[in-house]
Amino acid sequence: MATPNYSYEKRQKELAKKKKKEEKLKRKAEGKPDLPDDDTPEGEEGGTAPPADPAP
């Protein structure tokens, strides 16, 4: 049985991370808003809550 090539897996992971970072910098340079991360749990997007309705 062949042994796993951990260095290859690590390199692929690093390349994916680098690509994602470059895409984010490119979007930021274009002035477009960042897309929410996929690993962010629901309800923790960091946005502000909508203003409450004033009492009558």
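Source: prediction; values computed, not measured.

1. Observations regarding the overall build of the protein
From N to C terminus, the protein includes one helix and zero strands. Among the 56 residues that make up the protein, the fraction classed as buried is 0%. If you sum the accessible surface of the protein, you get close to 6100 Å²; carbon and sulfur atoms cover 55% of it.

2. With respect to helix 1 (residues 6–30)
End to end, helix 1 covers 36 Å across 25 residues, agreeing with the expected 36 Å (1.5 Å per residue, within 8%). Burial analysis of helix 1 places just zero of its 25 residues in the buried class, a small minority of the element. Taken from the residues just after helix 1, G31 is the one with a positive phi, measuring 85°.

How each quantity is defined
Residues numbered from 1 in each chain as written. Predicted model: local features only at pLDDT ≥ 70, side-chain atom pairs only at ≥ 80, totals over all residues. Heavy atoms only, no water. Helix = DSSP H or I, 4+ residues; strand = E, 2+ residues; numbered from the N terminus. Buried < 20%, exposed > 50% of the residue type's maximum accessible area, 1.4 Å probe, protein only. Areas by Shrake-Rupley, 256 points an atom, 1.4 Å probe, with all protein chains shown as cover. Expected span 1.5 Å × (residues − 1).

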